[in-house]
Amino acid sequence: MVDLSTPYVQVNGHAAATDPMFPTLMGGYGHMTAMQIRDGRVRGLDLHLARLDAATRELFGEGLDGGLVRQRVRQGLAGAGTRDASLRVYVYAPDPGAGPETTVVVRPPVPEPSAPQSLRSVPYLRPQAHLKHVGVFGQAYHLRRVAAEGFDEALLVGPDGAVAEGAITNVGFLDGDTVVWPDAPALDGITMLLLRRELERTGLRWRQRRVALGEVGRFDAAFVSNSNGIAPVSRIDDVRFATEAELLGQLERLYAHVSWDVV
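Because the structure is a prediction, the values reported are computed rather than measured.

Trainee: Explain the overall build of the protein to me, please; I cannot follow it from the model alone.
Mentor: Secondary structure assignment for the protein yields six helices and 16 strands. Counting over 263 residues, the protein shows a buried share of 45%. Sequence separation of 24 or more characterises 66% of the internal contacts of the protein that already satisfy a separation of 6 or more. Approximately 13400 Å² of the protein is accessible, and the part contributed by carbon and sulfur atoms is 51%. Taking the average location of the 27 positive side-chain charges in the protein and that of its 31 negative ones, the two points are 2 Å from each other.

Below, the structure written as structure tokens:
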């Protein structure tokens, strides 16, 4: 008889070793942050740690020590034998009422976007959109569907026609000398928050307001951002955008000068 105190797992009909966290990881209740690390450094470390702490308090009723997170990240990098990585920190609780635990996943680094992105709008909003939570079936489903149509990213739109965010990005628009982010349920992405800091530091203007899908063609340009960086948007559905706007170049330069923090 198999000892089921540790879950028994088969992959393609073959037994596979499993960690006790496996059933929790598959359960879909948890949160995470994603970062690009270069030479052991990351942009916006304070924002990543604040995100993890706030979400852990909301989901599990207690905070998450930033020093512990940094230690786990350093351990993950050391274990993988690299200082350059695409790294994710996941936070779960093994059982209801148990304290949160962290899992670090280290993958090869992802380069910044090299080409303008095309977006296809889809009728979908992430549940509890302010959290970078696990269980992203809806996003993955729409990403695959729009990719099959030749698009790079899915643009999530609410039932009232309001633009919210990309499936894996924030989206912003340029209106003259002002950056506009949609005011709709969405994640406050780390790169978006860093850009806002830089805009305020340099005196450039930004605002947040409702953006209807039907009005996106009124903007001068658009862009997306996530942990991989910033990329101009070439089109949303059938609406085309300029990809060489001066303010786009300013955003890219501002982001390029964001400091890298030692993890």
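Trainee: Can you walk me through the side chain of Thr 56 in this structure?
Mentor: As for its position among the elements, Thr 56 is in helix H2 (residues 45-60). You can call Thr 56 buried: its relative accessible area is 0%.

Trainee: Any chance you could explain helix H4 (residues 137-148) here in plain terms?
Mentor: Side chains of residues three or four places apart in an α-helix project in the same direction, reflecting 3.6 residues per turn. The terminal C-alpha atoms of H4, which comprises twelve residues, lie 17 Å apart, in line with the 16 Å expected from a rise of 1.5 Å per residue. Every buried residue belonging to H4 is among Gly 138, Gln 139, His 142 and Val 146, and all of these are buried. In an axial view of H4, the angular spread of the buried residues amounts to 95 degrees, which keeps them on one side of the axis. Across H4 from its buried face, at more than 90 degrees, point the exposed residues Phe 137, Arg 144 and Ala 148. Phi turns positive one or two residues past the end of H4, at Gly 150, with a value near 95 degrees.

What counts as what
Residues numbered from 1 in each chain as written. Predicted model: local features only at pLDDT ≥ 70, side-chain atom pairs only at ≥ 80, totals over all residues. Heavy atoms only, no water. Helix = DSSP H or I, 4+ residues; strand = E, 2+ residues; numbered from the N terminus. Buried < 20%, exposed > 50% of the residue type's maximum accessible area, 1.4 Å probe, protein only. Contact = heavy atoms within 4.5 Å. Areas by Shrake-Rupley, 256 points an atom, 1.4 Å probe, with all protein chains shown as cover. Lys, Arg positive; Asp, Glu negative; His and termini not counted. Charge placed at Lys NZ, Arg CZ, Asp CG, Glu CD. Expected span 1.5 Å × (residues − 1). Arc of directions from axis to C-beta.

Structural measurements only, silent on function.
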